[in-house]
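# A closer look at the structure
If you want the building blocks of each chain, they are given just below.
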Amino acid sequence: MTKTISILGSTGSIGRQTLDVVDQLGVRVAALTCGSNLERMTEQCRKYRPQLAVMSTKELADRLQTALQDPEIRVMWGKDGLLEAAAMPEADTVITAVVGMMGLEPTLAAVRAGKRIGLANKETLVCAGELVMSEADLYGAEIIPVDSEHSAIFQCLMGCGDRGEVKRLILTASGGAFYGKTMEELRTAKKDEALKHPNWKMGQKITIDCATMLNKGLEFIEAMRLYRMPPEKISVVVHRQSIVHSLVEFKDGAVLAQLGVPDMRIPIQLALTYPNRVESPADGLDLLTCGPLTFAAPDLETFPCLKLAMDAAHTGGTACAVLNGANEEAVAAYLRDEIGFYDISDSIACAMSQVPVVQNPSLEQILEADRLARQAAKQYFLKR
Ligand code: NDP
Ligand code: MG
């Protein structure tokens, strides 16, 4: 059971919900970090009095220090601050809730400090899953997924001593804002529509990833790494209601699922309390009113990003980092209204065809693949 926590990305969607859980459980806070949301960080620091608070730039860190006037809160900035927050001896658990590949090095720092990691930042496992998981074994760090699908699988696998008994992991996908739309309609679809997720309120980047269905592709790779499963043993079904969070099919034909209302505080809390379960602020699930539960095959033609991610999963090595790096650039450009919906998948495909794949990559090779993928995506935007 977590006693003291560091939250990387405390001002975001997962970060704030983690603080709700912290309130519920009475956990102490060692460190809070954010990008630029000075106002929210100031409020959080006043309430939780962490030993360390981290902003993305020196200027913001100076402003936070001035606003706080609290000699007990050390203020740092940038990557050094994030690395320090990730490895603080005072914290037993680190929640990685920053968005994107920038979460990789802090996650590795937490792993090497032997922390329990509540892993929300999926891009980390997508880019460097093999490395992170092998270092976690080496340093005795416990990685507990926060992503609702992986938390569901984690729960279905509790008590399963032999992974050889697992026939298939089944990830459920809400289908995002654009489920049921035609390619013609999506060609001109803008961010305002893409940001309207039917079931979850999340940060902008992941909400766009849901609209393209790349989010499910990232989760496909994340599942492969977390549970050390080959891609052939993972499948995706569209389940619009987000009540069944994922399933595990066993060799004998038994299928276990985890159900619950779509509320991230449930998986976040389990990451803090595991192996125990305690009361949660989330609503209970009422099977009589949650409506019919439906399941359908994903449409890989209308949502090519999912297919690209499955291809990267089969290729392995740095292919997944290339997919992710190009996508991060593409989503940022889409959010700035600079490119169209299908430019996201086209730029990823372009980067994947250009950047050479390295198998069993080192951290440096992963970072280089990410850099080349971003460069290829940006060149694609200029030429299109
Ligand atoms: P948000 O965009 O809501 O929050 C991101 C956090 O990262 C914020 O605290 C933000 O600070 C911080 N951040 C942004 N840029 C920087 C930077 N340059 N340096 C340091 N910190 C930075 O994202 P979410 O909470 O939605 O998602 C976080 C991660 O969790 C993602 O990887 C996502 O895929 C994953 N996830 C999220 C789920 C959800 O329900 N939201 C579900 C499953 C997984 P600031 O506020 O100052 O910008
Ligand atoms: Mg998810």
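### Focus: the site of ligand 1
Around ligand 1 sit 24 residues, and of these Thr11, Ser36, Asn37, Glu123 and Gly203 come closest. Separating an oxygen atom of ligand 1 from a side-chain N or O atom of Glu123 is a distance of 2.7 Å. For the shell around ligand 1, the secondary structure elements donating two or more residues are α1 (13-25) and α6 (122-139). The class makeup of the residues in the shell around ligand 1 is ten nonpolar, eleven polar and three charged.

### Description of the coordination of the magnesium ion (ligand 2)
The protein atoms donating to the magnesium ion (ligand 2) are Asp147 (OD), Glu149 (OE) and Glu219 (OE), with metal-donor distances spanning 2.1 to 2.2 Å. We note that the donor set of the magnesium ion (ligand 2) lies within a single chain, spaced as D-x1-E-x69-E. Placement of Glu149 in helix α7 (residues 148-157) and of Glu219 in helix α11 (residues 214-226) is noted, with a sequence separation of 70 residues between them. Glu149 gets classed as buried once you look at its relative accessible area, which sits at 8%.

### Here's the deal with the sheet that holds strand β10 (residues 244-250)
Taken together, four strands build an open sheet; the order of strands is β9-β8-β10-β11 and the sheet is mixed. Looking along the sheet, the strands with just one partner apiece sit at the ends: β9 (234-238) and β11 (255-259). In this sheet, adjacent strand axes meet at a mean angle of 20° when their direction is disregarded. By the bridge criterion, five bridges tie β10 to β11 in an arrangement that is antiparallel. The residue bridging Val248 from the neighbouring strand is Leu256, located in β11. Along the sheet face, α11 touches β8 (166-173) and β9 and points at about 155° away from the line of β8.

### Side note on the packing of aromatic side chains
A complete count under the given rule lists five aromatic pairs for this structure. The interplanar angle of 65° and the centroid separation of 4.9 Å between the aromatic rings of Phe154 and Tyr274 together place this pair among those described as edge-to-face. Of the two residues, Phe154 sits in helix α7 while Tyr274 sits in the loop between α12 (265-273) and α13 (304-315), which places them 120 residues apart along the sequence. According to the relative accessible area criterion, Phe154 is buried, its value standing at 16%. Pairing Tyr380 with Phe381 gives two aromatic rings, centres 6.2 Å apart and planes at 80°, and the pair type is edge-to-face. Of the two residues, Tyr380 and Phe381, neither departs from the other in class, the shared state being buried. Among the aromatic residues, those joined into a ring-pair cluster are Phe178, Tyr334, Phe341 and Tyr342.

### Topic: the sheet that holds strand β5 (residues 93-96)
Spatial strand order, β4-β3-β2-β1-β5-β6-β7: seven strands in an open sheet with parallel pairing. The two strands at the open ends of the sheet, each matched to only one other strand, are β4 (74-77) and β7 (142-145). Within this sheet the neighbouring strands show an average axis-to-axis angle of 20°, counted without direction. Inspection of the sheet shows strand β6 (residues 116-119) paired to β7 by four bridges, in the parallel sense. Looking at β7, one finds that Leu119 is bridged to Pro145.

### Concerning the pattern of salt bridges
Evaluated as defined, the whole model comprises 30 salt bridges. The salt bridge involving Arg228 is made with Asp137; its shortest N-O contact spans 3.0 Å. In this pair, Arg228 sits in the loop between α11 and β9 while Asp137 sits in helix α6, placing the two residues 91 residues apart along the sequence. On the basis of relative accessibility, which here comes to 53%, the residue Asp137 falls in the exposed class. Each of the salt bridges in this network shares a partner with another, and the network as a whole consists of Lys122, Asp147, Glu149, Lys216 and Glu219.

### A few points about the environment of Tyr179
Of note, Tyr179 is situated in the loop between β8 and α8 (183-187). Classification of Tyr179 as partly exposed rests on a relative accessible area of 34%. A C-alpha to C-alpha distance of 38 Å links Tyr179 and Glu135, two positions 44 residues apart in sequence. Non-local contacts of Tyr179, meaning those with residues more than four positions away in its chain, are made with Val238, Arg240, Ala296 and Phe303.

Rules used throughout
Each residue is numbered by its place in its chain's sequence as written, counting from 1. The order in which chains are written sets their letters, starting at A; the order in which ligands are written sets their numbers, starting at 1. This being a predicted model, a pLDDT of at least 70 is required before a residue's local features are given, and a value of 80 or more before pairs of side-chain atoms are given or counted; all residues contribute to the totals for chains, interfaces and linings. To obtain the side-chain values, all non-hydrogen atoms of the structure were included, while hydrogens and water were left out. It suffices for a single heavy atom of a residue to lie within 4 Å of a molecule or strand for the residue to be listed as near it. What qualifies as a polar contact is a pair of N or O atoms within 3.5 Å, subject to a donor-acceptor requirement within protein and to the restriction that residues adjacent in sequence count only when both atoms come from side chains. Each helix corresponds to a stretch of at least 4 residues labelled H or I by DSSP, and each strand to a stretch of at least 2 residues labelled E; elements are numbered beginning at the N terminus. Here the nonpolar group is Ala, Val, Leu, Ile, Met, Phe, Trp, Tyr, Cys and Pro; Asp, Glu, Lys and Arg are the charged ones; every other residue, Gly included, is treated as polar. Donors, by definition, are the N, O and S atoms found within 2.8 Å of a metal, the threshold being 3.2 Å for Na, K and Ca, and water is not counted, so a site can look incomplete. Categorising residues by exposure relies on relative accessible area from a 1.4 Å probe, with only protein chains included: less than 20% of the type maximum marks a residue as buried, more than 50% marks it as exposed, and the intermediate range marks it as partly exposed. Paired strands are those between which DSSP finds at least two bridges. Fitting a line to C-alpha atoms yields each axis, with helices limited to the stretch in contact; the angle taken between N-to-C directions then spans 0 to 180 degrees. Contacts are assigned to residue pairs that have any heavy atoms within 4.5 Å of one another. By convention, a stacked pair of Phe, Tyr or Trp rings (six-membered ring in the case of Trp) has centres within 6.5 Å and planes under 30 degrees apart, an edge-to-face pair has planes over 60 apart, and any other such pair is tilted. Salt bridges, as used here, are contacts in which a Lys or Arg side-chain nitrogen is within 4 Å of a carboxyl oxygen on Asp or Glu.

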